[in-house]
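What follows is each chain in one-letter form.
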There are 2 protein chains.
Amino acid sequence: MAKSNLIRPHGSDNLKILLLEGNARQDELKRAEKLPKVEMTTRETGDLIMLGIGGFTPLEGFMGHDDWKGVCADMKMKSGLFWPIPVTLSHSEKINPGSEICLTSGETGEIMGTMKVSESYQIDKEFECKSVFKTADAQHPGVQMVMAQKEWNVAGSVKVLSESYFPKEFSMVYQRPAESRKIFEQKGWKTIAALQLRNPMHRSHEYLAKIAVEVSDGIYIHQLVGKLKPGDIPGDVRVKCINVLVENYFVKDRVVTGGYPLDMRYAGPREGLLHALFRQNFGCTHMIIGRDHAGVGDYYGPFDAQQIFFQLWDGALECKMLPIDWTFWCFKCGGMASMKTCPHGKDDRLMLSGTALRKALSEGGNVPEEFSRREVLEILREYYAGLKEDEKVEVKLHGHATGDAEKKIKK
Amino acid sequence: MAKSNLIRPHGSDNLKILLLEGNARQDELKRAEKLPKVEMTTRETGDLIMLGIGGFTPLEGFMGHDDWKGVCADMKMKSGLFWPIPVTLSHSEKINPGSEICLTSGETGEIMGTMKVSESYQIDKEFECKSVFKTADAQHPGVQMVMAQKEWNVAGSVKVLSESYFPKEFSMVYQRPAESRKIFEQKGWKTIAALQLRNPMHRSHEYLAKIAVEVSDGIYIHQLVGKLKPGDIPGDVRVKCINVLVENYFVKDRVVTGGYPLDMRYAGPREGLLHALFRQNFGCTHMIIGRDHAGVGDYYGPFDAQQIFFQLWDGALECKMLPIDWTFWCFKCGGMASMKTCPHGKDDRLMLSGTALRKALSEGGNVPEEFSRREVLEILREYYAGLKEDEKVEVKLHGHATGDAEKKIKK
C-alpha cells in the first residue's frame, strides 16, 4: 500500500492478506484436493475468511497453545501483541506437526484453504469460557460454541482459497479491508468511526452514527453478515433496512457501508475489543461502543464493554473507543438524546422492548416514527408478514430495548 | 496546584496569576494611587483582568514590539510561544522605560492595576488589522477598536488589583480559571469541551453543546460578559436565557457554566484560536468551533475559523478544536442536524434570520419551538417588550442565521 493518511493495521505496517488469487489459487486448490480434509464450523470459516482478507492482520493462521492461553488470560499473544478473543480451529483427532491439511466448510462443503499444522493441543474449555465470556453457563450462545468444539485444537499458518458465498450473497455490502481503505483514501478521510451492526438500524443507531459523523470525517456502517443466534433478523433483511435508511437520512458523502463475514460470539466486552481491532484493519480510527455492545441476556453490565477499553495497556490498540450512552427519543427534549444529555424522566422517553416492537410489526400495530423510520418499518413488516406463525415468536429484533414506556407505542 | 488530571495551562505548568489579594493588594493599591494614571478602554480592562486571573497564562503583561509583531505576522511570540491576537495597551504619550504607572478603567475610573513600563512603541495599525482581522475596513468593529487606539503602545509586566464589576454584576457566572479547574477536578472530568457564547442559546447552540457532551466528560458553557457591538443582547439577559435552558434541558452533572470578562474583537479565525487558548487555561481540552465563529458581517468564510486550526504547527496549542458544521432543525430528519448529517433541502430546514426572529419576538409573532426553547423565548420577549422603539431596530439577536426558510416561522 502506498503512503497513506490512514491508521496503520493492527501490529503491522501492511495488511496481512492470506487469500490467494489467480494462478496461485488454482495451483493451491489442486494441491488441497489431495490433502486430508478437516471440516470447519461457520465460526471457524468466518475466522478463516477474515484471515484471508486481512481483517485479522497480523495473524498468520489459527492460534497455538501459548497464544490461546495468553489471549484467554491476558489478551496478549506470546509476541506481546494485543488480541482479545482466541482464533482457533478444532478437530476430533490430533494431527502431527508438519502435516498439511485441507480446510473445508461444514456448511457448503467447499474447499476454503490449506493449513500447515504446527501443533495440536487440548484446552480447558471452562477456562476459555470464563476468561472470554465471563461465564461458563451452557445457555450462553458463545459458550455453547466453545463447548461444541471438538477434542483437539489444531494450529498453524493458513492459505485461504475462497471467501465462500459472502461476496455474492451480500454483494451490496461485503467488503475487504483493502477496499474500505481505498474508499476512505479516495474520500480524503482521516478520522473514521465504525458502527457495529447486527440488528436493523433504528433511530437510536442512527443517532449513534450521526454523532460520530458530526465529530469525525465519516462513518463506516459495518454489519455482520455471518451467523447470529436463532431468531435474529437475517442478514439480507438487515442490509435492506440499513440501505434504505442511509439512502433517505444520511449525507452520502459521509457514509460508507460494509459487511464482514464473522459469526457473532456474544462475548460482550471482549468482542467489543475485537470489533475495534479489526475495524482498525478496515481503516477506522474510532469504534462506537454503545450500551450492551455485543452482549446477550444479562451476562454483562450495560457499559462493561466501555470499561474494558480503559483497562488496556498503553499501545495495545490504536483504534480508539467512541463511547456513547444509552440513546432514545425524548418527548420533552423533542429529539434524540442519551442518558448523558436528557435530564427528563422515564415516562418522557420512547423505549420499546423487542417483544412490543415484534408484536406491533407482526400484528400491524403502530410503531412511532420517533422509534424507527417509516421506510425501515415497511421492510420489517414485510419480513414479518412472510414468516410462519411459530417463527414470529422466535425472532428477537432489538437486542438492547427495555420494557419501559411501551405505552408510548400507542401515543 | 496539586497533581491534576486536567490539561496543563498554555505554555506553563501552572496558571500565571497576576491578581494580588489581601494585604499585598492593599499595599499595592496605596502605591498605585501615587503613580501617574493611564486610562484603559474596556477592551484593555478586560485583557488586564484576564491577565490577573490567569486566563492569559503565561503572559506577564501587555506585549512589547517584538511580541506584537510576531503575533500579528506569525502568531508567534519572541519566545516561540503560540499567541494569535495582540494583547496591547495604548497611550497618547511615550512613557520612559522603567517608569511605573497606575492603570485605571476608563469606564468606571477604578484603579485596576499597575505596570512597570519596559517599552513604548508605535505600530502600523493597518498591518495589525490586516494580519489579525484580514481587513482594514473601517466598518469592522475590531478594526475600529484598533484604529481608535492612541499613538503609543506601552508594554510591561503588570500587577492586577481588581476584577471590576464582573464578580458582582455577573455573580451567577463569572469564574476564574482556578475555579473552573477545581470544579472539573471535583467532577472527575478529563475531557471537557468549551462552548463560546455571546448570544442567547437557541437550539442550534444546544445541539453543539449536546454533541460535545455525548463525546466527552462534560461541557463548559462559557459566555462573554464583556462588551459586544451596539445592538447585541446584553449580558444579563443572555445569562438568564442560558440558565433557564441548562436548568430544563441539560443533565446537571454534565454542564458547568461560566463567564469571562473580555470584549468581543470579532476577529473570526484568529479569535477562534484565542478562544481555544484561554479555554485551555480554564481547563478545557476541546473548543467547539461552529459556523462563522467570532465572525461579523461577511469578513470571513463560514469555516475559516476551523481551517486555521489545521495550519498551526505541532505543539502550538494543546486544546484541540471540535469542529461542527452548520446546525439547524430539519423537518424531514425530525430532529436537529447539520450539513454533515442532513441530506435534505433548504425548504426542509428551519433557519431564521436575526431580522425575522427580532420581528417575531418584538411583535408577538410565533417562533417555532424547534428553533428555540419556550422558556428562552419568554425571556427574550420580555426583554424586547422593555425596549424603546428605536432600540428594537438596532438589536441583532442571532449572528449566524440566514434568511432561508423564514416562511417556516409561521408554519
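Scroll up to find the structure this text is about.
A brief structural summary. (Residues numbered from 1 in each chain as written. Chains lettered and ligands numbered in written order. Predicted model: local features only at pLDDT ≥ 70, side-chain atom pairs only at ≥ 80, totals over all residues. Heavy atoms only, no water.)

1. So, the overall build of chain A
And step 1. Along its length, chain A carries 14 helices and 14 strands.
And step 2. Over its C-alpha atoms chain A spans a radius of gyration of 21 Å, differing by no more than 12% from the 22 Å that the globule rule assigns to 411 residues.
And step 3. When the backbone C-alpha atoms are referred to their principal axes, chain A occupies close to 65 × 50 × 40 Å.
And step 4. When the 411 residues of chain A are sorted by exposure, 63% land in the buried category.
And step 5. In chain A, 75% of the contacts between residues at least 6 apart in sequence involve partners at least 24 apart.
And step 6. Where the 55 positive side-chain charges of chain A centre and where its 55 negative ones centre are 3 Å apart. (Helix = DSSP H or I, 4+ residues; strand = E, 2+ residues; numbered from the N terminus. Rg over C-alpha atoms; globule rule 2.2 N^0.38 Å. Buried < 20%, exposed > 50% of the residue type's maximum accessible area, 1.4 Å probe, protein only. Contact = heavy atoms within 4.5 Å. Lys, Arg positive; Asp, Glu negative; His and termini not counted. Charge placed at Lys NZ, Arg CZ, Asp CG, Glu CD.)

2. Considering the interface of chain B and chain A
And step 1. Listed per partner, the contact involves 29 residues of chain B and 29 residues of chain A.
And step 2. Approximately 2,200 Å² of surface area, both sides summed, lies buried where chain B meets chain A, with 53% of it carried by carbon and sulfur atoms.
And step 3. By the criterion of area lost to chain A, the three top residues of chain B are Glu214, Lys340 and Thr341 of chain B, representing 34% of everything that side buries.
And step 4. Where chain B meets chain A, there are 0 salt bridges.
And step 5. The interface formed by chain B and chain A contains 20 residue pairs in polar contact (both at pLDDT 80 or more).
And step 6. Contributions of two or more residues to the side of chain B that touches chain A are made by α8 (203-215), α9 (235-249), β11 (320-323) and β13 (335-338) of chain B.
And step 7. The dominant element in the side of chain B that touches chain A, judged by the number of residues it contributes, is α8 of chain B, at 7 residues.
And step 8. Taken together, the residues of the side of chain B that touches chain A sort by class into 16 nonpolar, 6 polar and 7 charged. (Buried area = accessible area lost by both parts, 1.4 Å probe. Salt bridge = Lys/Arg side-chain N within 4 Å of Asp/Glu carboxyl O. Polar contact = N/O pair within 3.5 Å; in protein donor to acceptor, adjacent residues only side chain to side chain. Nonpolar A, V, L, I, M, F, W, Y, C, P; charged D, E, K, R; others polar.)

3. Considering the relation of the copies chain B and chain A
And step 1. With an RMSD of 0.1 Å, chain B superimposes on chain A once it is rotated by 180 degrees and translated 0.0 Å along the axis. Expressed as a symmetry operation, the mapping of one chain copy onto the other fits a two-fold axis. Minimal C-alpha separation from the rotation axis in chain B is found for Gly335 of chain B, amounting to 2.8 Å.
And step 2. Taken together, the interface assignments show that 100% of the residues at the interface of chain B recur at the interface of chain A, consistent with an identical surface on both copies. (Least-squares fit on C-alpha atoms with pLDDT ≥ 70 in both.)

4. Here we look at the side chain of Ser12 of chain B
Residues and elements named next belong to chain B.
And step 1. Mapped onto the fold, Ser12 is located in the segment before α1 (22-33).
And step 2. On the accessibility criterion, Ser12 (16% relative accessible area) is buried.
And step 3. Beyond its immediate chain neighbours, meaning those up to four positions away, Ser12 contacts Thr57 and Pro58.

5. A word on the packing of helix α9 (residues 235-249) of chain A against helix α13 (residues 374-386) of chain A
All names here are of chain A.
And step 1. Packing of α9 against α13 brings their axes to within 8 Å, and their N-to-C directions diverge by 160 degrees. Here α9 lies roughly antiparallel to α13, going by the angle between them. For the pair α9 and α13, the crossing hand works out as right-handed. Where α9 abuts α13, its residues Val237, Lys240, Cys241, Val244, Leu245, Asn248 and Tyr249 lie against Arg374, Glu375, Val376, Ile379, Leu380 and Tyr383. (Axes fitted to C-alpha atoms, helices over the stretch in contact; angles between N-to-C directions. Parallel < 35°, antiparallel > 145°, perpendicular 65-115°, else oblique. Left-handed = near helix turned anticlockwise from the far one by under 90°.)

6. Some details on the sheet that holds β13 of chain B
Whenever strands of a sheet pair, they do so through backbone hydrogen bonds, lying parallel or antiparallel.
Residues and elements named next belong to chain B.
And step 1. Read from one edge to the other, the open sheet built from 3 strands follows the order β13-β12-β14, with strand pairing classed as antiparallel. Every other strand in the sheet has two partners, leaving β13 and β14 (349-350) as the edge strands with one partner each.
And step 2. Direction of pairing for strand β12 (residues 327-330) relative to β13: antiparallel, over a ladder of 4 bridges. Residue Cys330 lies in a different strand from β13, and its bridge partner there is Gly335. (Pairing = 2+ DSSP bridges.)

7. Digging into the packing of aromatic side chains
And step 1. Counting across every chain of the model gives 26 aromatic pairs over all chains.
And step 2. Residues Tyr165 of chain A and Phe166 of chain A carry aromatic rings whose centres are separated by 4.8 Å and whose planes lie at 40 degrees to one another, so their mutual orientation is tilted.
And step 3. With a relative accessible area of 5%, Phe166 of chain A lands in the buried category.
And step 4. For the ring pair Phe56 of chain B and Trp83 of chain B, a centre distance of 5.5 Å and an interplane angle of 85 degrees mean the geometry is edge-to-face. Here Trp83 of chain B lies in the loop between α3 (65-74) and β3 (90-91) and Phe56 of chain B lies in the loop between α2 (42-53) and β2 (61-62), a separation of 27 residues in the sequence. (Phe/Tyr/Trp six-rings, centres within 6.5 Å; stacked < 30°, edge-to-face > 60°.)

8. A closer look at unusual backbone geometry
And step 1. Of note, the bond from Thr57 of chain A into Pro58 of chain A is cis; its omega dihedral lies within 30 degrees of zero at 5 degrees.
And step 2. Of note, Pro58 of chain A is situated in the loop between α2 (42-53) and β2 (61-62).
And step 3. In the Ramachandran plot, Tyr266 of chain B falls in the positive-phi region, its phi being about 60 degrees despite a non-glycine side chain.
And step 4. When you line up the elements, Tyr266 of chain B lands in the loop between β9 (255-260) and α10 (269-281).
And step 5. Positive phi, normally seen in glycine, also occurs at Asp292 of chain B, with a value near 50 degrees.
And step 6. By the secondary structure assignment, Asp292 of chain B is in the loop between β10 (286-289) and α11 (304-310).

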